[in-house]
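Coordinates in review
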Amino acid sequence: MAVGKNILRKDGYEKLTGAARYVDDVTLEGMLYGKTIRSRIARGRIKSIAYDAAFDWSQIVIADYRDIPGKNYVALIEDDQPLLAENEIRHYAEPILLIAAANKDLLEAAAHHIHIEYEQWSPVLSIEDALACREIIYGTDNIFKRFLIGRGDVEEGFAQAERIIEGEYRVPHQEQLYIEPQGMIAIPGNEAMTLMGSMQCPYYIHKAIKQLFHLNDEQVVVIQMTTGGGFGGKEEYPSVIAAHAALLAHKAQRPVKLIYDRAEDIAATPKRHPGVIRHRTGVRRDGRMVASEIDLVFDGGAYVTLTPVVLSRGVIHALGPYACDNVRIQARAIATNTPPNGAFRGFGAPQVAFAYEMQMEKIAAELGMDSLELRRINMLREGDTTATGQTLIWSVGSEEVLNEAVERANYQAQRLAFSQSHSSIQTSTTNHVEAHKRRGIGLSFFLHGAGFTGSGEAKMKAQAGIEIMANGHPRVLSGSTEIGQGTRTIFSQIVAEELSLDFSAVEIEEPDTSRVPDSGPTVASRTCMVVGRVVQMAAREVKAKLLHFVAERFAAPEVELREGKFMVAEKALADFQEMACEYVNLFGELRCFAHYASPPEIEWNEETYSGDAYPVYSWGAEVAEVEVDMDTYEVTVVRLTTAQDIGRAIHPLLAAGQIEGGTLQAVGYGLLEELVWDQGRIINNRLTNYIIPTALDAPDMETIIVEKAYPHGPFGAKGVGELPINGAAPAIAAAVFQATGAFLSEIPITPERLQAAIEKVTTDEHR
Amino acid sequence: MRRLLDVLREDLRLTGTKEGCGEGECGACSVIVDGEVINSCLVPVCQTQKAQILTVEGLAMDGRLNGLQQAFLECGGAQCGICTPGMLIAARALLEANAQPSRDEIKEAIAGNLCRCTGYVKIIDAIEQAATAPAQIL
């Protein structure tokens, strides 16, 4: 059995010896280095571009929008983002010019001899600015996209409510901060333009380059190199970098390498969408929710890019893992003159998760009720219906994860103990040491839809295949990328399991668009559940073909494949490898492709935005224990306990690695990570002052994997990549609330923000 | 003035040592110079005259992973792999100085090496495991 075992990861050896080749590790003969010249204003137009006459420009390749053979747009949802600005500037760090030179010193020198003058216009820099419509920068109302979903009768629901509780929550930008900065190499050629680099989605780049350069499928080859983290940040933006490198390479007719340094990467590439989320909830005195009205606004930045899809995931997850019969959720994404926000692990869901979980804390506090009890009263269970009208028919691990997390963390006893110790502190003013540090424990509960939203997977029809190599071993053909999460390893396990082979016999083809089919992007927690399923189906086809072949060859009707051997009852006829070789020798090749088909039970209505928004959900619960220093207002997360239902862990160690990594990234979101803006420019675009968690910030973590099998996933697996990013921020805020009495409706919970909140509590108490 | 990192990567083609920030914050470029872990992006190459330098390429012997690398592989200490060379180097320096570190000492020793994938749990597990068989590490 390969599935469920912690086999050694396929790409381990190269990564541990330093032999793995990342894009910046490659140097090609005659290669130039590229650089992007960017705007230094947030909004306006270019008045002039001047090149110092004293500088020797003969050694510099310069490209601008006029060098683009096709239309000047980066292919995504809408054609609104130019590859290079022509005249109007819509955000700081917008690409205007590209330069290339044979060495980096010359390149930097050239950049200093280019002078761009602008006419500055008044920029729109916040959600409030955009909604006020004093300046119109998109359409007629600055709104990129709206959704309205709901069911039941909200007015009637509020009429039945005994209490109506309102809350407003604010969530910030967050930078993915993969440790390998973005980069790409473009190689021009007579046959094809080749792009190789750091990416999640080779076929996104393929499509963008074809459109920009008027090329056909075969004339563009995109190859993923070892990629040093993505987290969504290498979903859409690598298309821009690839196209920039390609444009320089096209003009220079030489290979061009374009690597961002950290400052440029943070300044220019997409972030998690910031948002403002308002809840108005009608509840009965016993805690049952009877009406819920939610309004969410996300800041999309200067261009549409992926914003409508992020918003759609946000609106669908806005009510969280709770049942309510009367719901209305309005969602809007607005335009600002800031760099476009885009994909980041969770994709709209972590924002709304902070809001819905803090709203639960608020409701519980106002009702004088335990918030765990409130969650249990309202939680979705199998057979319940979500805000989009989806009835949950399978793989609902909601109760299991909540119970597991609460029990393993000893939540209830700890919560009681902390609350008693706080009341004793308040009565004894002498014990300063105790008062100096306050402990609290908090809980969060969440769900995450796996795969694309709505009919996305049905439209995508992800493809993958398996071919038998000359040595009789199978090779997986898939456009899904390894970005550290373990694609290569889990695909090997799935195929090994289906073909009853040792996993080491399975090879994974490099993600190269000339050799692998389009499996869809490596995003949305879909690689295992969706593409893994397709790989499994392709393996089944290979198996069926070989069984048929062996049955005919041995004139044995009842052939089975067990432990790498074709068997009739207990008699071994031949082994897999031998028969696979023979098949290939006889017929020339054995290649099977499969494509994804949504489960027949799933129905989604794009017009009314209702129905089965996702084929299935993963479920999580998390308990955070914190210590707050009441002198410095620093919050230390002492311990995190999380239980997550992912259907089936194909590789438990890798799955736990996803959960732990996502959880710590969410600790950063909740406590540390904050971009500082000045007139549309990020001023802390460095690792010195954009703070992500170090090992010293990492709490002890206990991870419990719950496996409620999903019948349409490979061996029961659902998505795991994004689920864990939802839990930590609200659990920490709930723990801080218990520890200090301060209710934080905005993250990150920096010492400054916590101090203000605690001072407000103190002032309110003295009133 | 050239940085030690550039000479390692560009002249010697030892590309296992990575650049993540160029300002000594991320630790992806960690190497051991005369027994001390340093960020090679912050050190001018001229300061390393006659020094003994250990990079990730110097860990495996005859193509076989050493005990520390093997522990990272078994415990899930490497995901995307970009921080891994620096992390291994920081761990190596720790284990040379302290053969039996506590989890807190491990955290302290790798606090200058950022990882965005693992949440550090499995990296700490790996270093702890490697410490149980010190002979295979050094």
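Residues numbered from 1 in each chain as written. Chains lettered and ligands numbered in written order. Predicted model: local features only at pLDDT ≥ 70, side-chain atom pairs only at ≥ 80, totals over all residues. Heavy atoms only, no water.

Thoughts on the overall build of chain B
Worth spelling out the cut-off: Where helices and strands are cited, they refer to DSSP runs of H or I of at least four residues and of E of at least two residues respectively, numbered from the N terminus. C-alpha atoms define the radius of gyration in this analysis, and the globule rule sets the expected value at 2.2 Å times the number of residues to the power 0.38. Contacts are residue-level and defined by heavy atoms, with any inter-residue pair within 4.5 Å sufficient. Every accessible area reported is derived by Shrake-Rupley at a probe size of 1.4 Å, with residue values counting cover from the shown protein chains alone. Working convention for charge: Lys and Arg count positive, Asp and Glu count negative, and His plus the chain ends are omitted. Working definition for charges: the position is that of NZ of Lys, CZ of Arg, CG of Asp or CD of Glu.
The secondary structure content of chain B amounts to five helices and three strands. In chain B, the order of α-helices and β-strands from amino to carboxyl end is α-β-β-β-α-α-α-α. The C-alpha radius of gyration of chain B comes to 14 Å, within 12% of the 14 Å expected for a compact globule of 138 residues. With respect to the principal axes defined by its C-alpha atoms, chain B has extents near 40 × 30 × 25 Å. Restricting to contacts in chain B with at least 6 residues of sequence separation, those with at least 24 account for 55%. As displayed, chain B has an accessible area near 5,600 Å², and 48% of this comes from carbon and sulfur atoms. Each charge sign in chain B was given a centre, from 12 positive and 17 negative side chains, and these centres are 5 Å apart.

Side note on the nonpolar core
For the record, the criterion: Here, nonpolar core means buried Ala, Val, Leu, Ile, Met, Phe, Trp, Tyr and Cys residues that are tied together by side-chain atoms lying within 4.5 Å of each other. Remark: exposure states derive from per-residue accessible area (1.4 Å probe, protein chains only) relative to the maximum for the residue type, with buried under 20%, exposed over 50%, and partly exposed in between.
If you look at the biggest cluster of nonpolar residues, it comprises 171 residues, and the most contacted ones within it are Ile329(A), Ile732(A), Ile749(A), Leu754(A) and Tyr120(B). For this core, the element with the most residues is helix H9 (residues 349-367) of chain A, which contributes ten residues. Core analysis: the second largest hydrophobic core is formed by 52 residues, Val476(A), Cys528(A), Met529(A) and Val530(A) among them.

So, the interface of chain A and chain B
Defined as follows: Take the accessible area each of two parts loses on contact, using a 1.4 Å probe, and add the two losses: that sum is the buried area. Salt bridges are defined as contacts in which a side-chain nitrogen from Lys or Arg sits within 4 Å of a carboxyl oxygen from Asp or Glu.
Between chain A and chain B, the contact holds 53 residues from the first and 46 residues from the second. The junction of chain A with chain B conceals about 3,900 Å² of combined surface from both sides, 58% of it contributed by carbon and sulfur atoms. Looking only at chain A, the three residues that lose the most surface to chain B are Leu16(A), Ile179(A) and Ala695(A), adding up to 19% of its buried area. Along the contact surface separating chain A from chain B lie eight salt bridges.

Describing the pairing of strand S17 (residues 463-468) of chain A
A regular strand carries its side chains on alternate faces of the sheet. Keep this limit in mind: Paired strands, as defined in this entry, are two strands with at least two bridges between them according to DSSP.
The buried count for S17(A) comes to five of six residues, which makes it a mostly enclosed element. From the end of S17(A) to the start of strand S18 (residues 474-477) of chain A, which pair antiparallel, there are five residues, and Gly472(A) there has a positive phi angle of about 85 degrees.

Re the sheet that holds strand S10 (residues 193-197) of chain A
Residue and element names in this part refer to chain A. To keep it simple, the criterion reads: To get an axis, a line is fitted to the C-alpha atoms, and for a helix only the part in contact is used. The angle between two axes follows their N-to-C directions and goes from 0 to 180 degrees.
Across the sheet, which stays open at both edges, the seven strands sit in the order S3-S5-S1-S12-S9-S10-S11 with mixed pairing between neighbours. Each having just a single partner strand, strand S3 (61-63) and strand S11 (220-224) make up the two edges of the open sheet. If you compare each strand with its neighbour and ignore which way they point, the axes differ by 20 degrees on average. Here S10 pairs with S11 via five bridges, running parallel. Counted as the bridge partner of Leu195 is Val222 from S11.

Structural notes on the pattern of salt bridges
Residue and element names in this part refer to chain A. What the rule picks out here adds up to 72 salt bridges over all chains. With its nearest N and O atoms 3.4 Å apart, the salt bridge here joins Glu108 to Lys35. Here Glu108 is found in helix H2 (residues 104-112), whereas its partner Lys35 is found in strand S1 (residues 32-38), with 73 residues between them in sequence. Here Glu560 makes a salt bridge to Arg562, at a shortest N to O gap of 2.7 Å. A relative accessible area of 39% means that Glu560 is categorised as partly exposed. The exposure class of Arg562 is partly exposed, given its relative accessible area of 27%.

Looking at the domain arrangement of chain A
Residues and elements named next belong to chain A. What counts here: Boundaries between domains were set according to an automatic or database domain assignment. Counting of polar contacts relies on pairs of N or O atoms within 3.5 Å, with two restrictions inside protein: one atom must be capable of donating a hydrogen and the other of accepting it, and residues adjacent in sequence are counted only when both atoms are side-chain atoms. Just so you know the grouping, Ala, Val, Leu, Ile, Met, Phe, Trp, Tyr, Cys and Pro go in nonpolar, Asp, Glu, Lys and Arg go in charged, and all remaining residues, Gly too, go in polar.
Taken domain by domain, chain A consists of domain 1 (24-121 + 194-252), domain 2 (400-446 + 618-765) and domain 3 (456-595). Of the roughly 1,200 Å² buried between domain 2 and domain 3 on both sides combined, carbon and sulfur atoms contribute 65%. It is Ile650, Pro714 and Phe715 that lose the most area in domain 2 upon contact with domain 3, and together they represent 41% of the buried surface on that side. One can count zero salt bridges joining domain 2 with domain 3. Between the two partners, domain 2 and domain 3, sit three residue pairs in polar contact (both at pLDDT 80 or more). Each residue belonging to the side of domain 2 that touches domain 3 can be placed in one class, and the counts come to eight nonpolar, six polar and two charged.

Overview of the sheet that holds strand S3 (residues 53-54) of chain B
All names here are of chain B. Spatially, S2-S1-S3 is the arrangement adopted by the three strands of the open sheet, whose pairing is antiparallel. The sheet is open, and its two edges are formed by strand S2 (36-39) and S3, each paired on a single side. Taken together, the two bridges between strand S1 (residues 30-33) and S3 define a ladder with antiparallel strand orientation. Residue Ile32 lies in a different strand from S3, and its bridge partner there is Leu54. Running at roughly 35 degrees to S1, helix H3 (residues 84-97) makes contact with S1, S2 and S3 of the sheet.

Some details on unusual backbone geometry
All names here are of chain A. Ile747 connects to Pro748 through a cis peptide bond whose omega is -5 degrees. Relative to the helices and strands, Pro748 is located in the loop between helix H19 (728-740) and helix H20 (751-766). Positive phi is not limited to glycine here, since Phe231 has a value of about 60 degrees. For Phe231, the position within the fold is in the loop between S11 and helix H6 (237-252). A relative accessible area of 12% places Phe231 in the buried class.

Structural notes on the environment of Asn190(A)
Relative to the elements of secondary structure, Asn190(A) occurs in the loop between strand S9 (183-187) and S10. A C-alpha to C-alpha distance of 22 Å links Asn190(A) and Met225(A), two positions 35 residues apart in sequence.

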